[in-house]
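Given next are the chains, with one letter for each unit.
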Amino acid sequence: MTDLKTLEATVLAEIAAASDEAALEAVRVSALGKKGSVSERLKMLGTMTPEERKQMGPALNGLKTSVGEALAARKAELHREAIAARLAAETVDVTLPVRQAPAERGRIHPISQVIDEITAIFGDLGFAIAEGPDIETDYYNFTALNFPEGHPAREMHDTFFFPPGENGERKLLRTHTSPVQIHTMEAQKPPIRIVIPGKTYRQDSDATHSPMFHQLEGLVVDRTSTVANMKWVLEEFCKAFFEVPSLNMRFRPSFFPFTEPSLELDIQCDRSRPGEVRFGEGSDWMEILGCGMVHPNVLRMSGLDPDEYQGFAWGMGIDRIATLKYGMPDLRDYFNADTRWLQHYGFRPLDLPTLFGGLST
Amino acid sequence: MKFTLSWLKDHLDTDASLDEIVERLTMIGLEVESVDDKAALKPFVIARVLTAEKHPDADKLKVLSVDTGSGAPVQVVCGAPNARAGLVGAFAAPGAYVPGIDVTLSVGKIRGVESHGMMCSERELQLSDEHTGIIDLPDNAPVGASFAEWAKLDDPVIEIGLTPNRPDATGVYGIARDLAASGLGTLRSGAVEPVEGKGKCPVSVTLEAPDLCPGFALRLVRGVKNGPSPKWLQQRLIAIGLRPINALVDVTNYVTFDRGRPLHVFDAAKVKGNLVVRRARAGEKVLALDGAEYTLTPDMCVIADDNGVESIAGIMGGELSGCEDGTTDVLIESALWDPMATARTGRELGIITDARYRFERGVDPEFMGAGLDLGTRMVLEFCGGTPSEPEIVLGTPTARDGEIVGETGHHYREVDFPLSETKRLTGLDVDRAESIAILKRLGFVPKGATDGAVVRFVVPSWRPDIDGKADLVEEVMRIHGVNRIAPAPLPQTTAVGSRILTTLQNRTRAARRALAVRGMMEAVTWSFIPERHAALFGGGAPALKLSNPIAADMSDMRPSLLPGLIAAAQRNADRGFGDIALFEVSGTYQGDRPEDQRRVAGGVRRGTATLEGAGRHWAGNAATVGVFDAKADALAALEAAGAPIDKLTIEAGGPDWYHPGRSGTIKLGPKNLLGTFGEFHPDTLEALDAAGPICGFEVYLDAVPEPKAKATRTKPRLDLSPFQAVKRDFAFVVDKGVAAGVLTRAVAAADKKLIAGVSVFDVFEGASIGADKKSIAIEVAIQPQERTLTDEDFEALSARIVANVEKQTGGVLRG
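Quantities reported herein were computed from a predicted structural model and do not represent experimental measurements.

Focus: the overall build of chain B
Part 1 of the reasoning: For chain B, the helix and strand inventory stands at 19 helices and 42 strands.
Part 2 of the reasoning: Computed over the C-alpha atoms, the radius of gyration of chain B is 42 Å, more than 25% above the 28 Å expected from 2.2 N^0.38 for a compact globule of 815 residues.
Part 3 of the reasoning: Along the longest, intermediate and shortest principal axes, the C-alpha atoms of chain B span 125 × 85 × 60 Å.
Part 4 of the reasoning: Looking at chain B as a whole, 44% of its 815 residues are labelled buried.
Part 5 of the reasoning: A sequence separation of at least 24 residues applies to 69% of the contacts in chain B between residues at least 6 apart.

Structure follows, in structure tokens:
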């Protein structure tokens, strides 16, 4: 029995000392293999007397079990150690930078983003988006919009002209998106509810004027629309667009050749912080757009009877309202394609303006 | 248009406060742009110098003891030569801001002597340029009182921005009329008592250009004594930014602002012979009152005498016949000038004057004579003299219709006004009596019955802008109050909004987002580009060249987005940002008709700005951009726009601006060109002053066919095969000229049922396979449909693939 205890101690010590799975396997073979030290003893049970067997049997089987368990335990332990060692060897420096996804690098120009915001709002109000060409005729840009002959806007110092064509007519770059009002009324009978975003051009260049800029025109024509409806549409638009909890607005009489009565919309704001306009506070007023009831002459020239049909129109600078909302200081930068400006003022490609998700959140 | 509060109150009897007046002006369409309430002058008080001693350490300085009216006298160091004991002047205490020197005063030591304030000059208070000494007031000026209040300098100045339709508001009287009409006081009578002249005006007037001059009134005043105008008048002129000259000139300026009625005065001694109103002769010159010489054209109207041109009609008088202190006989002119001709002349000569401002808007024709009388009365009052009778000559009348003919031949317009029109157009309910009362207060005169549904009004001569009933709606609306119009919701037409964008608009948006998702930045570049850039890209046609570009290099409508984008990329590179990917989705111009304006998505990548990123990186540096980056962008934009990507064909080569061997053309069918892509030709880059590596593309969103209308949104049924998909690799040796696209199509065509996909995973060229050969390795995805394929099936499929490739391309399986 002392002999067995010694054997067990020796084998268990060998198991504990096995430093890898191969060494452990060698120990298993030397103990439990065909000719292993424990197996040899078990074979001897057959030669024993029943008394001896009765005594030695359980002892030897106990030895076999304890060696087997020790082997399994050591094997599991060695396996864990091996994995731990592999994982340790596989360690990397996770602070190394990864490349930015393309979608994080790309940018949408503020003008496109703001047009999408506008589209979301007016789409909700039941307006369709109309478009028209940049190169226009004098008729659509001026005459049909009730600009008198000799109006300063018709001069070379205001409007870009092309050389006269074969018929003597000078085409021009539209100075506003209003010609699309006429195209629409010619093509479609009322009711009309459209907004028209687009490029417009004037002979102007400074921090707040660019020879190319973007306008948003709106037109509603039916049999009932009034200044009261116009106030509602434009106030609702401004509240939605500027995304401020409160917005104090005022309409005041003004003048445009193509509307009568004509109004301008001012928004109360605080301009005391340089480079920033805060709506809903302060005591300054900022003009935001011009609007009015479509002039009877304009309706008439578009083939609509002004005593039967009526409606309103408005125009505002997209670049300007973008500036007011997002704070770009100089209009000319819009068209410089400076990567730093685009990166800073541009929008991420998956920031899609929606009303359900908030225009700019 | 500027005026002061007291000036307004000359014409308007009102208790309204400055704030109320300012608010009302804006709300009736006379937008207030600024108000100067003269708060800056509040700190200055009248003070008396008690003693003036020489400064112990400075010859030119004096030490004054000043009684400021409160407390003990204060010590002030002063350098003014007129500082003396007994002088009464304007004193600023420490803490006061002195606008003329832009300094807030504090107690200071000047050469060792403490100074507790300052005695000010007019310039220091920004009252005038006077700075030879400190302000020297009459002895009886009340010490301790507010200087501004005592000197009537606290009169607030209001500036309004006038819309071009309101010539009547270019005079203080017209502004008062509008305010009175809105209920903010009572308009005082503006009637001018006629001047009784003695004898005919010795200078006659001939209108040789009656179309440019509807009327001309002239009067001589003999024996005037010219000199400074009264202080109150000078103060008003200074307050609105005008410089007092002398009484005769100041009167013309005063009437210009008081009544919107510009006058002109000639020194009669300097006028030779009679006056003629005529068109200028080509090249004729005039030395104007601003000291500049102007060269005139026959489109311009002038007043001339035997000496030549004496005045540019309606814009500016001539220097040679101007009135000076020594003038004794003065010719006063009150004329009417054609608004359009005046505007054009002013623009061409670049002259902006208060007269032009009024004449180009339209001066009240019926106030021509009264204006002359008003000016004459003021001249008589300030300068004395004996007036002649007026010489009045009429040209072509001012208005086109109406029955009543006024004293200058003005045809008064008449407008029929249905009283319901205000409600119809504005939603505002204004009752009959109020509507009529508003119009009457504005000077409209009802003609005939006023109890019917329609009332006829005669339009006042000072409102050339009123044309029809909508104009009267505006008058009623603005005077009754725009803010009384309650916003009313626009009736909803559908419960749930329907689609509002056209296919092209959707494509434009989709292409933008798709390109931005590929790491590109959206640019908006100019529609007009330099002529040589346009010519490089197939543009430069005369019809697309601006006659009046704002700059020489913004002259031609762009035929392509690429020149602008390449130039933009280069600008960024010049700033140190060479790895840049830009795109634009916008218009290009193939001609001047609407259908010639294309909707194009274009982009460029420069340096190493690839899809994966740019520049060096520890995990692998970015490659330089090339034709395949541009191709991938082009296809992504087309796919976003809804083009059938699997049906597109790619042809080698593109337009001249591309690298001939590294560019391609994307087509749908043989004719429909959808886009081009590639690296650029070195000549193109050189001409654009740009350098590579750079690649780019353009796709035509408007060329993508409109999707077919579908009866249902249901997608085609998807049948999923239960059998395992397998992949097999092949490598074919083909001639170098064989396009990979042809080879892959040949493979795919070998068995359209089993072959689910073909991709190229390697292209190899080398001596081992022959100098004019290349090897293309492909992976074929096979999807069994009916049963698991056997080895024999695969062999048969492989044989079909090899045979078809050989047939289509001459390629052989690489051994």
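A word on the overall build of chain A
Part 1 of the reasoning: Regarding its fold elements, chain A presents twelve helices and eleven strands.
Part 2 of the reasoning: What you see for chain A is a C-alpha radius of gyration of 43 Å, clearly larger than the 21 Å of a compact globule of 361 residues, by over 25%.
Part 3 of the reasoning: Taken along the three principal axes of its C-alpha coordinates, chain A extends 135 × 50 × 40 Å.
Part 4 of the reasoning: Relative to all contacts within chain A whose residues are 6 or more apart in sequence, the contacts with residues 24 or more apart total 66%.

Overview of the domain arrangement of chain A
How big an interface is tends to be reported as the loss of accessible area on association of its parts.
Part 1 of the reasoning: If you check the domain split of chain A, you get domain 1 (2-89) and domain 2 (105-345).
Part 2 of the reasoning: Of note, the centres of domain 1 of chain A and domain 2 of chain A, computed from C-alpha atoms alone, are 92 Å apart.

Describing the packing of helix H5 (residues 231-239) of chain B against helix H6 (residues 247-259) of chain B
A pair of packed helices is characterised by two quantities: the angle between their axes and the separation of those axes.
Residues and elements named next belong to chain B.
Part 1 of the reasoning: Where H5 meets H6, the axes come as close as 11 Å, and the angle between the chain directions of the two elements is 60 degrees. In terms of their interaxial angle, H5 and H6 are classed as oblique. The handedness of the crossing between H5 and H6 is left-handed. Residues Leu 233, Gln 234 and Leu 237 of H5 form the contact with H6, whose own contacting residues are Asp 250, Asn 253 and Tyr 254.
Part 2 of the reasoning: For the contact of H5 with H6, the class distribution of residues is three nonpolar, two polar and one charged.

What to know about the interface of chain A and chain B
Part 1 of the reasoning: The partner chain B presents 76 residues to the 69 residues of chain A that form the contact.
Part 2 of the reasoning: If you list the elements that add at least two residues to the side of chain A that touches chain B, you get helix H5 (102-105), helix H6 (110-124), strand S1 (128-129), strand S3 (161-164), helix H9 (227-242), strand S7 (249-256), strand S8 (259-270) and helix H12 (339-345) of chain A.
Part 3 of the reasoning: No other element matches H9(A), which puts seven residues into the side of chain A that touches chain B.
Part 4 of the reasoning: In terms of residue class, the side of chain A that touches chain B is made up of 35 nonpolar, 19 polar and 15 charged.

Observations regarding the sheet that holds strand S4 (residues 45-54) of chain B
Neighbouring strands of a sheet are bound in pairs by backbone hydrogen bonds; such pairs are parallel or else antiparallel.
Residue and element names in this part refer to chain B.
Part 1 of the reasoning: Sheet architecture is open: five strands sit in the order S6-S5-S4-S7-S12, paired in antiparallel fashion. This sheet does not close on itself; its edge strands, each paired only once, are strand S6 (74-78) and strand S12 (118-119).
Part 2 of the reasoning: For S4 and strand S7 (residues 88-92), the ladder comprises four bridges, and the chain directions are antiparallel. What sits directly across from Ile 46, in S7, is Ala 90.

So, the domain arrangement of chain B
Part 1 of the reasoning: Segmenting chain B into domains produces domain 1 (2-38 + 156-187), domain 2 (39-150), domain 3 (205-394), domain 4 (414-482), domain 5 (503-703) and domain 6 (726-813).
Part 2 of the reasoning: Measuring from the centre of the C-alpha atoms in domain 3 of chain B to the corresponding centre in domain 6 of chain B gives 94 Å.

Some thoughts on the sheet that holds strand S18 (residues 275-279) of chain B
Residue and element names in this part refer to chain B.
Part 1 of the reasoning: Pairing within the open sheet is mixed, and its five strands lie in the order S15-S18-S21-S22-S23. Edge positions in the open sheet fall to strand S15 (205-207) and strand S23 (316-317), since each of these has one partner strand only.
Part 2 of the reasoning: Note that S15 and S18 share three bridges and pair parallel. By the bridge assignment, Val 205 is partnered in S18 with Leu 275.

A look at the packing of H6(A) against helix H11 (residues 318-326) of chain A
Residue and element names in this part refer to chain A.
Part 1 of the reasoning: Look at H6 against H11: their axes get within 10 Å of each other, and the N-to-C directions meet at 95 degrees. The orientation of H6 with respect to H11, classified from their angle, is roughly perpendicular. Here Pro 110, Ile 111, Val 114 and Ile 115 of H6 come into contact with H11, specifically with Ile 318, Asp 319, Ile 321, Ala 322 and Tyr 326.
Part 2 of the reasoning: Each residue belonging to the contact of H6 with H11 can be placed in one class, and the counts come to eight nonpolar, no polar and one charged.

Observations regarding unusual backbone geometry
Part 1 of the reasoning: For the peptide bond that leads from Glu260(A) to Pro261(A), omega is -5 degrees, which places it in the cis range.
Part 2 of the reasoning: The topology assignment puts Pro261(A) in strand S8.
Part 3 of the reasoning: In this structure, Pro693(B) follows Gly692(B) across a cis peptide bond, with omega equal to 0 degrees.
Part 4 of the reasoning: Inspection of the secondary structure assignment puts Pro693(B) in the loop between helix H17 (682-687) and strand S38 (694-700).
Part 5 of the reasoning: Unusually for a residue other than glycine, Lys152(B) sits at a positive phi of about 55 degrees.
Part 6 of the reasoning: By the element assignment, Lys152(B) lies in the loop between helix H3 (147-150) and strand S13 (157-161).
Part 7 of the reasoning: For Lys152(B), a count of 14 C-beta atoms within 10 Å translates into the label partly exposed.
Part 8 of the reasoning: With phi around 55 degrees, Asp689(B) is a residue other than glycine that occupies positive phi space.

Considerations on the environment of Val45(B)
Residues and elements named next belong to chain B.
Part 1 of the reasoning: Examined against the element boundaries, Val 45 turns out to sit in strand S4.
Part 2 of the reasoning: For the pair Val 45 and Val 143, spaced 98 residues apart in the sequence, the C-alpha separation amounts to 7.5 Å.
Part 3 of the reasoning: Non-local contacts of Val 45, meaning those with residues more than four positions away in its chain, are made with Thr 68, Gly 69, Phe 91, Gly 144, Ala 145, Ser 146 and Phe 147.

Here's the deal with the nonpolar core
Part 1 of the reasoning: If you look at the biggest cluster of nonpolar residues, it comprises 163 residues, and the most contacted ones within it are Cys213(B), Cys301(B), Val302(B), Ala313(B), Val330(B) and Val379(B).
Part 2 of the reasoning: Examining the composition of this core, we find that eight residues originate from one element, helix H9 (residues 368-383) of chain B, more than from any other.
Part 3 of the reasoning: Those residues in contact with Val330(B) that lie beyond four places of it in its chain are Val221(B), Val224(B), Leu248(B), Val265(B), Asp267(B), Ala268(B), Cys323(B) and Val379(B).
Part 4 of the reasoning: In terms of nonpolar packing, the next biggest core, distinct from the first, is built from 76 residues, Met212(A), Tyr334(A), Leu561(B) and Ala640(B) among them.

Reading the values: rules and limits
- Residues numbered from 1 in each chain as written.
- Chains lettered and ligands numbered in written order.
- Predicted model: local features only at pLDDT ≥ 70, side-chain atom pairs only at ≥ 80, totals over all residues.
- Helix = DSSP H or I, 4+ residues; strand = E, 2+ residues; numbered from the N terminus.
- Rg over C-alpha atoms; globule rule 2.2 N^0.38 Å.
- Buried ≥ 20, exposed ≤ 12 C-beta atoms within 10 Å, placed from the backbone.
- Contact = placed C-beta atoms within 7 Å.
- Domains from an automatic or database assignment.
- Axes fitted to C-alpha atoms, helices over the stretch in contact; angles between N-to-C directions.
- Parallel < 35°, antiparallel > 145°, perpendicular 65-115°, else oblique.
- Left-handed = near helix turned anticlockwise from the far one by under 90°.
- Nonpolar A, V, L, I, M, F, W, Y, C, P; charged D, E, K, R; others polar.
- Pairing = 2+ DSSP bridges.
- Core = buried A, V, L, I, M, F, W, Y, C linked by C-beta atoms within 7 Å.

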